[in-house]
Amino acid sequence: MQCKEREFGRLTDGRSVRLFSFECSDGMQLEITNYGGIITSVRLSDKNGIFDELCCGFPDLSNYLKPHPYFGALVGRYAGRIGGGRLPVGDEVYQLQLHDRHCHLHGVNTGFHTRLWSALLESDDTKAVLKLTYMSPHLEENYPGNLNVTATYTIFDNNRIDLCFEAETDRPTHLNLTNHAYFNLNGFRSSVGDHWLKVDADQVVELNEAMLPTGMLKPVKGSIFDFSELILLSSRLVPQTHELDHCFVLNQSRKDTPAVELFHNETGRSLKVYTDQPGVQVYSGNFLDGSLTGNDSKTYHKHGAICFETQHFADSPNQPSFPSTLLQPGQAFRASTTYLFEVRS
Ligand code: GLA
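Residues numbered from 1 in each chain as written. Predicted model: local features only at pLDDT ≥ 70, side-chain atom pairs only at ≥ 80, totals over all residues. Heavy atoms only, no water.

> Quick question: what am I supposed to make of the pairing of strand E22 (residues 245-250) here?
The buried fraction of E22 amounts to six of the six residues, a majority that puts the element mostly inside the structure. Summarising the sheet, strand E19 (residues 201-207) and E22 pair through three bridges and their orientation is antiparallel. Bridging from a neighbouring strand, Ala201 pairs with Leu250 of E22. Bridging between E22 and strand E25 (residues 279-283) involves five bridges; their strand directions are antiparallel. Residue pairing across strands places Asp245 opposite Tyr283, the latter belonging to E25. (Buried < 20%, exposed > 50% of the residue type's maximum accessible area, 1.4 Å probe, protein only. Helix = DSSP H or I, 4+ residues; strand = E, 2+ residues; numbered from the N terminus. Pairing = 2+ DSSP bridges.)

> Honestly, the environment of Leu96 in this entry has me stumped. Any pointers?
Its place among the elements puts Leu96 in the loop between strand E9 (92-95) and strand E10 (103-105). Through-space distance from the C-alpha of Leu96 to that of Gly14 is 29 Å; in sequence the pair is 82 residues apart. When residues no more than four places from it in sequence are discounted, the contact partners of Leu96 are Ile82, Gly85, Leu87, His104, Glu141, Asn142 and Tyr143. (Contact = heavy atoms within 4.5 Å.)

> I tried to follow empty space enclosed by the protein on my own but got confused; where do I start?
All chains considered together, the criterion is met by one cavity of 30 Å³ or more. Quantified by volume, the largest cavity comes out at close to 50 Å³. Lining the largest cavity are Leu163, Phe165, Leu177, Thr178, Asn179, Gln277, Thr310, Ala335, Ser336, Thr337 and Tyr339. Looking at the lining of the largest cavity, the elements with two or more residues in it are strand E14 (160-169), strand E16 (178-179) and strand E28 (333-343). Of all the elements, E28 adds the most residues to the lining of the largest cavity, at four residues. Broken down by class, the residue content of the lining of the largest cavity amounts to five nonpolar, six polar and no charged. (1 Å grid on protein atoms, 1.4 Å probe; cavity = no way out; pocket = protein on both sides within 12 Å on 5 of 7 lines; lining within 4 Å. Points joined across faces, edges and corners; volume = space filled by probe spheres on them. Nonpolar A, V, L, I, M, F, W, Y, C, P; charged D, E, K, R; others polar.)

> I'm lost on the layout of surface pockets in this one. Help?
Over the atoms a probe the size of a water molecule is rolled, and this reveals where empty space is left. Volume-wise, the largest pocket comes out at about 590 Å³. The set of elements that each furnish at least two residues to the lining of the largest pocket consists of helix H1 (61-65), E19, E22, E25 and strand E26 (306-311). Class assignment for the residues of the lining of the largest pocket results in 20 nonpolar, twelve polar and five charged.

> Whenever I open this one, the nonpolar core confuses me. Can you help?
Nonpolar side chains tend to gather and get buried jointly when the protein is soluble and globular. Grouped together as the largest cluster of nonpolar side chains are 60 residues, with contacts concentrated most on Tyr153, Leu197, Phe308 and Phe341. Looking at which element gives the most residues to this core, the answer is strand E13 (residues 147-156), with five residues. Core analysis: the next-biggest nonpolar cluster, separate from the first, contains 20 residues, Cys56, Leu61, Ala73 and Ala305 among them. (Core = buried A, V, L, I, M, F, W, Y, C linked by side-chain atoms within 4.5 Å.)

> Please clarify how the site of the ligand should be interpreted in this entry.
In the vicinity of the ligand, the contacting residues are Tyr70, Arg81, Leu105, His106, His180, Tyr182, Asp245, Gln281, Tyr283, Phe287 and Glu309. His106 has a polar side-chain atom sitting 2.8 Å from an oxygen atom of the ligand. In this structure, an oxygen atom belonging to the ligand sits 2.6 Å away from a side-chain N or O atom of Glu309. Protein burial of the ligand: of its 300 Å² of free accessible surface, 94% is covered by the chains. Most atoms of the ligand, that is more than half of them, are within 2 Å of grid points of the largest pocket. For the shell around the ligand, a count of residues per class yields five nonpolar, three polar and three charged. (Near = heavy atom within 4 Å. Polar contact = N/O pair within 3.5 Å; in protein donor to acceptor, adjacent residues only side chain to side chain. Areas by Shrake-Rupley, 256 points an atom, 1.4 Å probe, with all protein chains shown as cover. Sits in = over half its atoms within 2 Å of the grid points.)

Written as structure tokens, this is what we have:
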């Protein structure tokens, strides 16, 4: 494992932002910055030896300092929508900033993706460990509790990235963390319609017109959300007719099986995602509109990439039947996800 560190740029207050680069012996090249804990680049050869960028990202820090679609970022304190921005904790209701008239989403413009995290890098022959820490003060974005968060990326030589979140609070609060990386296994030469998808979920969270959960879980069997086998997305008319922006309820019987598998036949590239979280928000880049150009001068078109946001269900603080996102003082928060890239010949 080869690792390098350099300055990515400076914040307006003069603080230096770092960029960490990793090169695995199996060929993956990865870049992560401590600004927002963002994965800025994932590069890998295909079965014919063509080396491509697979992840939406920018070559310059300046693009990340403006609002962007959470490319590669750590999202918090709450990944996903919270209805009315209403956060009940005990007898109090904290009003969060609104993303639109219906909800708070992803920390809006001042969430964890905009914070400079402290970074510590350690490596040995086979792996590298990048430990990012951030102290979110009580009432930051109006969430209660001083919250100490650690996000540890461990990179292995077999093109594997583990992301483990740990956190503790001094007051009861809600917490739901994820990484919001966007992937295209064909190096952005086509939309995600020519990718195959498998999701280990028998149910999906039912949404209302405002894209907020109704509180009900719907069986996927026989519906367009049934990805229990590898399915070519275009054969489900995704993205031509249907868009994905849904939380799949992961089957809990899973042990070492992936929550999600994404495959691209022509390049042989695949991505497997493993997690201990109850859900995964699968989002087919519906709000990308061709206005952003990133690494290797790739332009990010509508449906040009897909996200797998492993997390708790949206609006859990207001949905008593969903697994709880409440974190109590003295309780250790832990959430982990693995991304494994492979190339099939
Ligand atoms: C998540 C949401 C989407 C969208 C993207 C970011 O996937 O579910 O609706 O907000 O993040 O653009």
